[in-house]
Structure formats: structure tokens, C-alpha cells
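# A structural walkthrough
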Amino acid sequence: MQVAIHAGAAFTDEGRVLSSLKKNSATLSATGVKFFGWRRYNRIFKPAFDKIEAEAVHLTSYQNLKAILPTGPDTRRAIFCSGKFAGDPADALKDGQLYPQAGRRMALLEQVYSDHQVELLMGLRNPGSLVPKLLMSLTEEAREDIVRNTDLSCLSWIGMIEDIRDLAPSVQITLWSDEDTPFIWGDVIRALSNLDEDVVLADEYELLTSLLDDTGREKVLELTGRDTQLGKSDLNDMLAQIFEDHAQPEKVEEELDMPGWSTEIVEAFSELYEQDLERLSTMPGVRVLRP
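Here's a quick rundown of the structure.

### Side note on helix α14 (residues 263–280)
Between its first and last C-alpha atoms α14 spans 25 Å; for 18 residues at 1.5 Å apiece the expected length is 26 Å, and the two agree. In this structure, the buried residues of α14 make contact with β4 (117–124), α6 (127–136), α8 (158–167), β5 (172–177) and β6 (286–289).

### What to know about the pairing of strand β1 (residues 2–6)
Summarising burial for β1: 4 of the 5 residues are buried, a large majority. Here 5 bridges tie β1 to strand β3 (residues 77–81), and the two strands are oriented parallel to one another. Bridging across to β3, His6 finds its partner in Cys81. Strand direction decides the pairing type here: β1 and β4, joined by 5 bridges, are parallel. Among the inter-strand pairings, Ile5 is bridged to a residue of β4, identified as Leu120.

### Let's talk about the pattern of salt bridges
Inspection of every chain in the model, using the stated rule, returns 17 salt bridges. Residue Asp50 is joined to Lys46 by a salt bridge in which the shortest nitrogen-to-oxygen separation is 3.0 Å. Note that Asp50 and Lys46 are positioned in helix α3 (residues 38–53) at a spacing of 4 residues, about one turn of the helix. A relative accessible area of 33% means that Asp50 is categorised as partly exposed. By relative accessible area, Lys46 is classed as partly exposed at 25%. Here Lys133 and Glu254 are joined by a salt bridge, their closest N and O atoms 3.1 Å apart. A residue pair is termed long-range when its members are at least 10 positions apart, and Lys133 in helix α6 and Glu254 in the loop between α13 (249–252) and α14 qualify at 121 residues. Judged by its relative accessible area of 25%, Lys133 falls in the partly exposed class.

### A few points about the packing of aromatic side chains
For the structure shown, the criterion picks out 10 aromatic pairs. Between Phe36 and Phe80, the aromatic rings sit 5.1 Å apart at their centres with planes inclined by 20°, giving stacked as the arrangement. Linking Phe36 in strand β2 (residues 33–36) with Phe80 in strand β3, this pair joins segments that are 44 residues apart in sequence. Judged by its relative accessible area of 1%, Phe80 falls in the buried class. Between Phe45 and Phe80 the ring centres are 5.2 Å apart and the planes differ by 65°, which places this aromatic pair in the edge-to-face class. One end of the pair, Phe45, is in helix α3; the other, Phe80, is in strand β3, with 35 residues separating them in the sequence. Considered together, Phe45 and Phe80 belong to a single accessibility category, that of buried residues. Taken together, the ring pairs connect Phe36, Tyr41, Phe45, Phe49, Phe80 and Phe85 into an aromatic cluster. Above the plane of the ring of Phe11 lies Lys133, whose end atom (NZ or CZ) is 5.0 Å from the centre.

### Remarks on empty space enclosed by the protein
Evaluation of the coordinates by the stated rule reveals 1 cavity of 30 Å³ or more. Volume-wise, the largest cavity comes out at about 60 Å³. Looking at the lining of the largest cavity, the elements that each hand over two or more residues are α1 (16–23) and α9 (181–193). Residues of the lining of the largest cavity, tallied by class, amount to 3 nonpolar, 4 polar and 3 charged.

### Observations concerning the layout of surface pockets
Roughly 790 Å³ of volume is contained in the largest pocket. Taken together, 28 residues line the largest pocket, and the ones lying closest to its centre are Arg125, Asp178, Glu179, Val252 and Glu254. For the lining of the largest pocket, the secondary-structure elements that each account for two or more residues are α6, α9, α13 and α14. Classifying every residue of the lining of the largest pocket gives 9 nonpolar, 6 polar and 13 charged.

### Brief notes about the environment of Phe36
Looking at Phe36, the relative accessible area reads 14%, which means it is buried. When the C-alpha atoms of Phe36 and Leu21 are compared, they prove to be 9.5 Å apart, with 15 residues separating the residues in sequence. Beyond its immediate sequence surroundings of up to four residues, Phe36 is in contact with Leu18, Pro70, Ala78, Ile79, Phe80 and Cys81.

### A short note on a negative patch on the surface
Together, Glu250, Glu253, Glu255 and Asp257 line one region of the surface with negative charge. Within the secondary structure, Glu250 sits in helix α13. Residue classification places Glu250 among the exposed residues on the basis of a relative accessible area of 57%.

Rules behind the numbers
- Residues numbered from 1 in each chain as written.
- Predicted model: local features only at pLDDT ≥ 70, side-chain atom pairs only at ≥ 80, totals over all residues.
- Heavy atoms only, no water.
- Helix = DSSP H or I, 4+ residues; strand = E, 2+ residues; numbered from the N terminus.
- Expected span 1.5 Å × (residues − 1).
- Contact = heavy atoms within 4.5 Å.
- Buried < 20%, exposed > 50% of the residue type's maximum accessible area, 1.4 Å probe, protein only.
- Pairing = 2+ DSSP bridges.
- Salt bridge = Lys/Arg side-chain N within 4 Å of Asp/Glu carboxyl O.
- Phe/Tyr/Trp six-rings, centres within 6.5 Å; stacked < 30°, edge-to-face > 60°.
- Lys NZ or Arg CZ within 6 Å of the ring centre and 35° of its normal.
- 1 Å grid on protein atoms, 1.4 Å probe; cavity = no way out; pocket = protein on both sides within 12 Å on 5 of 7 lines; lining within 4 Å.
- Points joined across faces, edges and corners; volume = space filled by probe spheres on them.
- Nonpolar A, V, L, I, M, F, W, Y, C, P; charged D, E, K, R; others polar.
- Patch = residues over 30% accessible without salt bridge, like charges linked within 9 Å, V, L, I, M, F, W, Y side chains within 5 Å.
- Areas by Shrake-Rupley, 256 points an atom, 1.4 Å probe, with all protein chains shown as cover.
- Lys, Arg positive; Asp, Glu negative; His and termini not counted.
- Charge placed at Lys NZ, Arg CZ, Asp CG, Glu CD.

Geometry only, nothing functional implied.
Shown next, in the form of C-alpha cells:
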């Protein structure tokens, strides 16, 4: 069986993945895919991960993790969804790295599910916007401690992925940029479900159209409803142009409410983030979805 872990990151998914899986449940069921939400994470996975950090993982945790897999000859893939698989948001900036617990957590799953193929699928976000949102979600004391003891300018996704590759080398990794998701939503859901790229999904363009004005929505629906032979690259170019012309500013522009976090800082992180995505796409065992 394939075991797919959808891991977030914080302030990316906001429940959209699970909602989309539910909308496409008939297609998934017909292709042998079952999916599970945050309750399974809270009840089974989190207690096991907590024991890793306390260095006290025992047989019961292994048994519970094994027992959670669906049974039956028709199930080929199980998807488990939670934004906390890589780590709780409160711990995402500890030890000078984004999600420092992720490697050890994936190593545990690799060991427990050694008879299955484990895949981590994760939407990343520009640290220039992620870091202030994570910090502002913490208590003032915790925030001040991190700012005092962490070189925030060095935070990138490379360290987390390298940890996972080192500690759980057989875990396959699929990544995407949250900033790209309006244009690749169908690719994300198909990757999560391991579906062929020509499988039609119920809500492939809903995220994109939710960000547009009425004219933009009409153009997207007209374009994607055509029975044409447009290639994927041409379609993406046309959707990107519609987005540029018709995006509603209040839905795509975000104010980062953190003192001292300037536009210049965000722009510097953005440049490094693009470089990191390019580097990640060349790593063995790592796939990066792009428009």
C-alpha cells in the first residue's frame, strides 16, 4: 500500500485539501484511494510523535500506527491529512530551522511502514511571509525567545528536506509552493491521490476563481470549459494573464503585522525562496510541482 502524508505547512492549506478530497470522493474510491483528516492525526500520530521527542517510543505506538492503515484488497493508497505532521506551528522555528522535528517524524513512519511506500506531500510557503505569521501566533515570551536566539535570516526549507532525506531516505517527497496553488490545484490533488494527469477533478479551478472578480471568473470558466487541445503550458500562461488582470487585491495581498518586518526583508526572502525551490527540484527523491 502507498501511505501518503499531507503535512501542511502552517498557513498554507487551511483545510482546502481535505475539502477537495471529499468533493472528489467518488473518483478516489473508484481508484482505490482512502483519505483521513485531523482526527486520526490527533488520536494516533501525535501521541507517537510526542514520544519521539521524549525518546520513549514503545511497542504500543508502533501497533497503533500499523493498525490505522485501512484494510481490504481494493485499497491501494491511504492519505492522511494534517497541517501538523511536520511539527506543531509553535515548534516550527525551534533550533534555528524550519520544522526541526520533521526528519525524525518521517523516520518513524518509514520504520513503521517499512512494508509500504511512504510519501510526504507538503505545500511550502515563502519564509518571508511564513516566519512573521508563525511568530505572531506565539505568546510574546515565546516570540521574544526565538527572535533573541535564532538567526531568522538563515531560515529556509533546505535544512528540513535534507534532514528527511538523511533520516528517512526511502520516503518520497513531493513539494509545491503555496503561492502557486491557485494555478496547480488539480496537480496537487492528483499528486496526493496518485492519479493520472488527465483525471478530471470536481473543483480544479475553484481556488483560482475565488480570487478573481466576476469578469475574471467568467473568463476562467469559459477557458477551462472549452473542448480544446490547449497544452498545459499554454493554459497556465492564459490563466496567469487572467489572474494578473482580474485578481481582487484584498484577496491576494497580505499585510504582515509584525514590527520591523519590512518589504525589503520579504523581497530578500523571496529571492532565496525561489533559489531553494530550484535546488529542491534537483534533489534525489524530491519532486517539486510548478505551473
